Amino acid sequence: MTQQLRPQRPVLLNSIKAFIVGGLISLLGQFIQNIYIQYFGFSKEKAGDPTVATLIFISVLLTGLGVYDKIGQFAGAGSAVPVTGFANSIASAAIEHRSEGFVLGVGANMFKLAGSVIVFGVVAAFIIGLIKTLVKLI
């Protein structure tokens, strides 16, 4: 009975919004990378690092100003593009727990979130490396 009374989610509209916003964030990243290549003389391989750093800075700045949360409410999963979404999560945790102090509030709560991402990233990289090595041996 609750299923019948529950309002239907606009899945198609939410998917379109997520696709557009995620695409715009990626487009911004490509634009920034092209600036680093064209105006600062970076190669395509080397331009990725400052591009990621710039996207992280923009994401953290927008989180601090309260804008990224509004983007997230509108776009849903589209705002969770890996670099910007992760930077937003870390900055939000830091802002939320700043009243508890820098070490036990900001530091501890930021790395609660980051810790699981780092662990799963390292484990995934190890497994992929192991599979690649086994395939080359065979």
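Conventions we followed
- Residue numbering note: each chain is counted from 1, following its sequence as written.
- Residues qualify for local features only when their pLDDT is at least 70, as the model is predicted, and side-chain atom pairs are given and counted only at 80 or more; totals for whole chains, interfaces and linings, by contrast, use all residues.
- Excluded from the side-chain calculations are hydrogens and water; all other atoms, namely the structure's heavy atoms, are used.
- The way it works is that DSSP assigns letters per residue, a run of H or I at least four long becomes a helix, a run of E at least two long becomes a strand, and they are numbered from the N terminus.
- Exposure classes here rest on a 1.4 Å probe applied to the protein chains alone. A residue is buried below 20% of its type maximum, exposed above 50%, and partly exposed in between.
- When checking whether two residues touch, look at their non-hydrogen atoms; a contact exists if any pair is within 4.5 Å.
- In these tables, accessible area is a Shrake-Rupley quantity obtained with a 1.4 Å probe, and a residue counts as shielded only by the protein chains included in the view.

### What about the overall build of the protein?
Phase 1 of the analysis: Along its length, the protein carries six helices and zero strands.
Phase 2 of the analysis: For the protein, the succession of helices and strands along the chain, N to C, is α-α-α-α-α-α.
Phase 3 of the analysis: Over its C-alpha atoms, taken along the principal directions, the protein stretches across nearly 60 × 40 × 40 Å.
Phase 4 of the analysis: Per-residue burial over the protein gives 25% buried out of 138 residues.
Phase 5 of the analysis: For the protein, the proportion of contacts with a sequence separation of at least 24, taken over those separated by at least 6, is 50%.
Phase 6 of the analysis: About 10300 Å² of surface is accessible on the protein, with carbon and sulfur atoms providing 72% of the total.

### A word on the environment of Phe31
Phase 1 of the analysis: Here Phe31 is to be found in helix α2 (residues 11-40).
Phase 2 of the analysis: Distance in space between the C-alpha atoms of Phe31 and Ile127 is 33 Å, their sequence separation being 96 residues.

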